Amino acid sequence: MKRRSQSNHLILLAALLPGVGHIVLGKRGRGIRLLVVTIAVILVMYWRWEVFVSAFHSTRIDHWLAAVFLIVSLAASVTYSVWDVRRLLTEIPMATRGKSPYQLARRRFRANRLAVTAVYVITAFYILAVLAPLLAPYDPSAITDVLKTRFLPPSMDHPFGTDAFGRDLLSRALYGARVSLSVGLLAVMIAISMGTVYGAVAGYFGGFIDNVLMRIVDVVIAIPTFFLMLMLVGIFEANLVFLVLILGLTSWPGTARFIRGEILSLKQREFTEAARAIGLPNRLIIFRHLIPNALSPVLVSTALMIGGMIGAEAGLSFLGIGIRPPTPSWGNMISQGKDALLVAWWVAFFPGALLALTVVCFNLLADGIRDALDPKALMQRFV
Amino acid sequence: MLLEVENLTSHFFLDEGVLRAVDGISFDVNEGETVALVGESGCGKTIVALSLLNLIPSPGRVVGGRIVFNGEDLLQMEAERLREIRGGGIGMIFQEPGAALNPVFTIGSQISEVLRLHRGLNRREAEAEAIRLLGETGIPEPEKRIKAYPFEFSGGMRQRAVIAIAISGRPRLLIADEPTTALDTTVQAEIVDLLRYLQAQHKMAILLITHDMGVVAEMAERVMVMYTGKIVEVAGVCELFREPKHPYTSGLLNSIPRLGAGRKEPLRGIPGAVPDFLDLPSGCTFHPRCPIGDESCISEFPSLRSISPERKCACYKVEAG
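Residues numbered from 1 in each chain as written. Chains lettered and ligands numbered in written order. Predicted model: local features only at pLDDT ≥ 70, side-chain atom pairs only at ≥ 80, totals over all residues. Heavy atoms only, no water.

(A) Just the overall build of chain A, in detail. Of the regular secondary structure elements, chain A holds 20 helices and 0 strands. Seen through its principal axes, chain A has C-alpha atoms that stretch 75 × 75 × 35 Å. A burial count over chain A gives 44% of its 383 residues as buried. Pairs at least 24 residues apart make up 72% of the contacts formed inside chain A by residues separated by at least 6 positions. When the accessible surface of chain A is totalled, it reaches about 20,100 Å², and 69% of it is carbon and sulfur. In chain A, the 36 positive side-chain charges and the 20 negative ones have mean positions that sit 12 Å from each other. (Helix = DSSP H or I, 4+ residues; strand = E, 2+ residues; numbered from the N terminus. Buried < 20%, exposed > 50% of the residue type's maximum accessible area, 1.4 Å probe, protein only. Contact = heavy atoms within 4.5 Å. Areas by Shrake-Rupley, 256 points an atom, 1.4 Å probe, with all protein chains shown as cover. Lys, Arg positive; Asp, Glu negative; His and termini not counted. Charge placed at Lys NZ, Arg CZ, Asp CG, Glu CD.)

(B) Representation of the environment of Ile61(A) in the model. Residue and element names in this part refer to chain A. Following the sequence through the fold, Ile61 ends up in helix 5 (residues 61–90). Its relative accessible area of 63% is what places Ile61 among the exposed residues. Each C-alpha atom of the pair Ile61 and His158 lies 26 Å from the other, and the pair is 97 residues apart in sequence.

(C) Broad picture of the sheet that holds strand 9 (residues 222–227) of chain B. Residues and elements named next belong to chain B. Strands sit in the order 6-7-8-3-9-10-12-11 across an open sheet of 8 strands; the sheet is mixed. Of all the strands in the sheet, the pair left with one neighbour each is strand 6 (90–93) and strand 11 (305–308). This sheet shows a mean twist of 25° between the axes of neighbouring strands, independent of strand direction. Both strand 3 (residues 34–38) and strand 8 (residues 205–210) contribute to a ladder of 5 bridges, which runs parallel. Note that in strand 8 the partner of Leu37 across the bridge is Ile209. Packed onto the sheet, helix 7 (residues 185–202) meets strand 3, strand 6, strand 7 (173–177) and strand 8 and runs at close to 160° relative to strand 8. Against the sheet, helix 10 (residues 247–254) engages strand 3, strand 9 and strand 10 (230–236), with an angle of about 105° to strand 9. (Pairing = 2+ DSSP bridges. Axes fitted to C-alpha atoms, helices over the stretch in contact; angles between N-to-C directions.)

(D) Structural detail: a nonpolar patch on the surface. Together, Phe56(A), Ile61(A), Trp64(A), Leu65(A) and Ile71(A) line one region of the surface with nonpolar side chains, adding up to about 480 Å² of accessible area. Ranked by the residues each element gives to the nonpolar patch, the list is headed by helix 5 of chain A, at 4 residues. (Patch = residues over 30% accessible without salt bridge, like charges linked within 9 Å, V, L, I, M, F, W, Y side chains within 5 Å. Salt bridge = Lys/Arg side-chain N within 4 Å of Asp/Glu carboxyl O.)

(E) Geometry of the nonpolar core. Formed by 183 residues in total, the largest nonpolar core has its most connected members in Trp330(A), Leu3(B), Phe27(B), Ile111(B), Leu173(B), Ile175(B) and Val223(B). It is helix 10 (residues 169–205) of chain A that contributes the most residues to this core, 14 residues altogether. Discounting residues that sit within four places of it in the chain, Ile175(B) has contacts with Ala49(B), Leu52(B), Ile90(B), Gly91(B), Met92(B), Ile93(B), Leu207(B) and Ile209(B). Formed by 15 residues, the second largest nonpolar core is a distinct cluster that contains Phe52(A), Ala55(A), Leu134(A) and Tyr175(A). (Core = buried A, V, L, I, M, F, W, Y, C linked by side-chain atoms within 4.5 Å.)

(F) Summary view of the layout of surface pockets. The space that makes up the second largest pocket amounts to roughly 910 Å³. As for the second largest pocket, its lining consists of 29 residues, and the residues nearest its centre are Arg276(A), Leu55(B), Ile56(B), Pro57(B) and Ser58(B). The residue makeup of the lining of the second largest pocket, split by class, is 13 nonpolar, 8 polar and 8 charged. (1 Å grid on protein atoms, 1.4 Å probe; cavity = no way out; pocket = protein on both sides within 12 Å on 5 of 7 lines; lining within 4 Å. Points joined across faces, edges and corners; volume = space filled by probe spheres on them. Nonpolar A, V, L, I, M, F, W, Y, C, P; charged D, E, K, R; others polar.)

As structure tokens, this is what we get:
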């Protein structure tokens, strides 16, 4: 009876302040992480309460999205905390931990500190980008009293300083992160999903189909992305969707090629024959049996490609054929800062540093994934 | 008659020429019986099995003949219907028990997949049935084991799981392609027992493909002996072991080590090796290795003739009666 009321207290505690329940139960790592998330969410709400409330009847979807994201994450952390504490209380700690190849890989990945740090940094950047409307201390494109506010060095009021028009660089960097990070992610999602399906179909069917499909790949590879961009920007207005499409639709052939190679070797394996012998249709063989087995190199190249795409977007914006000012992106911020480099180093420095940090983190992540998924280690038992 | 194969011919079209892996073989399998197809490695046994389900990998292809399963010709039917037969009417067990399982999915999900496909079960029913099937194939604690991955299973357990998958579509014919070859001896015996038990339970016919005469003696009712893509002898299992007619069959039986044989008695193998399929000897392809062959064997391959009501043999030197 006493134990029961004690556990009820614990659940209440977990609901009121997610994470505390875990810490009491001895799960410190998980508890501290939950606590940090919760407190951060509450602090942001408290600090930007007015913006937060007004976001709900704002016409701007990004404000609304940021506010909803805050609420959802708070709800999620409370729900998860209660659910997990209850699970920990009722269930006997499981002796058998998951042993699927991917669970083993995840465990190996967790042991890699550098990669885990990279994941935290990347996640933090994405969250900051989503919350930009709530977090940005100033309007990113507001220009007031240029002569007094231009090129202010980093200070408490303007942690990243101001640019030639007196705009707050921290706010611009936060808004710029939305462009840079989402272009990378979305373009890679297009490229990877197209490339995977395309390569798998070519490799699985082989013969004539393979030949035709791979010749098309050769043609697409031969198109110089950069000049295509220049030309298309000359015709259409460059915006985010446009950039994502161009980058995504020109970079899938690489994925298609190596997936095709993977599938070619996988389809010689007996389980493919077994899948056919048991009467599975081709569609299921490709999607349920072949692609999952080819996924590890896809994951590695996804992480690498996102880093590359973010760099590419910055490069295009720097040259003025990507995202156009006044919409901030890290690329065009660096471009604006380059002229003032001698008088105001901070204008180019901060977006440049953020860009470099992001790309490095994605590369570290890719390395970590590759090490964790090393096929030689894949079957190694972790008991 | 459950399966009727008539003049089945499968060729591989290689750069070096046409490889006649299966060269006009005919046989049939009755409901519920076990027929063994034996022969040395590389004489076309596996290609027969793959031909039956039209699964020969390119550049190979079934070029002729009829495969009538349950009244339907498998070579003439729509791809859709053929997929229903694969797994649903004819199940197949493979030689390498590990390789036939997909390494990234649990055993349970691989069994359930077939159950949902062929028997239209929903997720929950399929899981329950998968547990039952694993239990039926003799895997202890099946409700835990369905969550295991293939690499967590031993060779024998993997073969049991493969068998569970093969019978999950309730096939009426099970093609067992060297089901015991990759396993060690004690596990072999268990798998043989399991197959016999399942056959009795489900009234399945089994086409057993093997080069292991011990397994043949334990399981089969009729035996077909294959050499260089042709059937050279067909007989009931007792007659075959008691009195092999074809010199190749005698050679195969002589090359089995026997308990109780005199210590001094040497183990006699068949001299030579299976010839290159692209460069087969003329006439009876066995004549270079045959102890009783002579000039009369060089000109033409002997046809498979009845030598008694239940026996057939393809050899000039074997008299009828």
